[in-house]
Amino acid sequence: MKVQNYLISKTSQKFVDYYGGAIRLSNATPYTVDEVIIGRKGKPFGKVTTFRDSFGRITERAFNIKQKPLKNRIYSYNDGIVGDNEYVEIKTVKEFTLKRKFIDLYRKYQKQCANLGIRTTLWDKDKVQNNFVAKDINNGKKTISIATIESLGNFEGEHYHELKEFPTIVNGKIEKGDAKRMSFVVDKNNDVVENLVFTDNAKAPKNDTFLGFRLMDLQEFKEPITKRFLRDRNIDYLDYTIDTGYMTDDFSETRLGSFTNGKILFNKLYPFKSKAQFVSTSRHEVEHGWQFFLDARNGGKRGEYMEHLGCLFGPIENRKLKKEANNYTKSLDTYVSCEVDYKRYRKNYIEIKANKAGSEAKKEYINQGQEIRKEFKHIPKEFL
């Protein structure tokens, strides 16, 4: 016999009057808070707390159910366009869980842990879902697509990816037809596991080496794709730091990224317009990581960590590589930033090489994504 759960009480209040015990992950300031207490046979066994913004949209929902891990969902909203006729509303939901044995520790050090990015170590990110509602501005037809990434919870770090497109909605009614679906499993490096790509009423891309990155939103995409480029350049063993939350001292919104002393920095305030644009920047900075590494082995002194790498790996013996390293060292010795002299900056050898690497990576990303964008055409190309 199925056990029925009952709503025991519900409250809604302004945030300033809220003194509940829900653990929050989002930094968004809510306008109102709803609390729902649920129970069985008249006895409460859980609480669901919902935080909303001034538009009434959910920003976070916290689940505290007896004998289960804490679960929080973070909501964000965006929009986009497809061609000239479709406007797309995008809702992203990220789901995290926290094991109960860590709750007291997290409560005690919540503020300090947040500053250290503790969410990635105590909170497990189980699922990310992007909902796309595309509306034709000429006839009002709507098409709903859903992109989901879910952790499989195994030691291999594998994730399940799924992309669905449902039949069109016309005048509030769903047209006849079957949904399109594509799913696959990726490993810890976001490479698609062979023979684990499945489709219904859709064609799987044949030669898309970026397929395992396509369903990520821009923010989730930044670090994994940079690690991919470090592997491709065969310098992932140098243990460079990737910081996607970097901000300049003057809070500039114009600088995209930089490489300095073993750190690849991406400006948190720069509004990247698409994942393809970020691909160009990421690959550009990875190329600088390669250039600075060769310079360090060539005796360059561009920071303590780079000097350490230079000593660790020693002088370059390969003549061709040595010649290239000499070019990098010469360019770095005469380097000027774009803020000082933009023309000289653009003509510097290391920037020419990095720009070429970034441009080629962007072109490759766009070209390889043509098949999936054609198959699921109601999702903005900036996402895929």
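Up top is the structure.
Residues numbered from 1 in each chain as written. Predicted model: local features only at pLDDT ≥ 70, side-chain atom pairs only at ≥ 80, totals over all residues. Heavy atoms only, no water.

Peer 1: Mind laying out helix H3 (residues 218–232), listing which residues take part and the relevant values?
Peer 2: Its 15 residues give H3 an end-to-end C-alpha distance of 21 Å, which sits within 8% of 21 Å, the value for a rise of 1.5 Å per residue. The set of residues buried in H3 consists of Glu220, Phe221, Lys222, Pro224, Ile225, Thr226, Arg228, Phe229 and Leu230. Residues of H3 that are buried make contact with strand E6 (86–98), strand E7 (123–136), strand E14 (241–246), strand E16 (263–267), helix H4 (275–297) and helix H8 (349–368). Where H3 terminates, the next one or two residues include Asn234, which has phi positive at roughly 60°. (Helix = DSSP H or I, 4+ residues; strand = E, 2+ residues; numbered from the N terminus. Expected span 1.5 Å × (residues − 1). Buried < 20%, exposed > 50% of the residue type's maximum accessible area, 1.4 Å probe, protein only. Contact = heavy atoms within 4.5 Å.)

Peer 1: Account for the pattern of salt bridges, with residues named and values stated.
Peer 2: Evaluation of the coordinates by the stated rule reveals 22 salt bridges. Two residues, Lys125 and Glu220, come together in a salt bridge whose shortest N-O distance is 2.2 Å. In this pair, Lys125 sits in strand E7 while Glu220 sits in helix H3, placing the two residues 95 residues apart along the sequence. Lys125 gets classed as partly exposed once you look at its relative accessible area, which sits at 36%. Close ionic contact of Glu162 with Arg181 constitutes a salt bridge, the shortest N to O distance being 3.4 Å. Taken together, the residues Glu162 in strand E9 (residues 159–165) and Arg181 in strand E12 (residues 180–186) connect sequence positions 19 residues apart. A network of salt bridges, in which partner residues are shared, links Lys94, Lys125, Asp217 and Glu220. (Salt bridge = Lys/Arg side-chain N within 4 Å of Asp/Glu carboxyl O.)

Peer 1: Got a sec to walk through unusual backbone geometry? Specific residues and values, please.
Peer 2: Its identity is not glycine, yet Asp239 carries a phi of approximately 60°, on the positive side. Tracing the sequence through the fold places Asp239 in the loop between H3 and E14. A positive phi angle, near 50°, is found at Asn261, a position not held by glycine. Structurally, the position occupied by Asn261 is in the loop between strand E15 (257–260) and E16.

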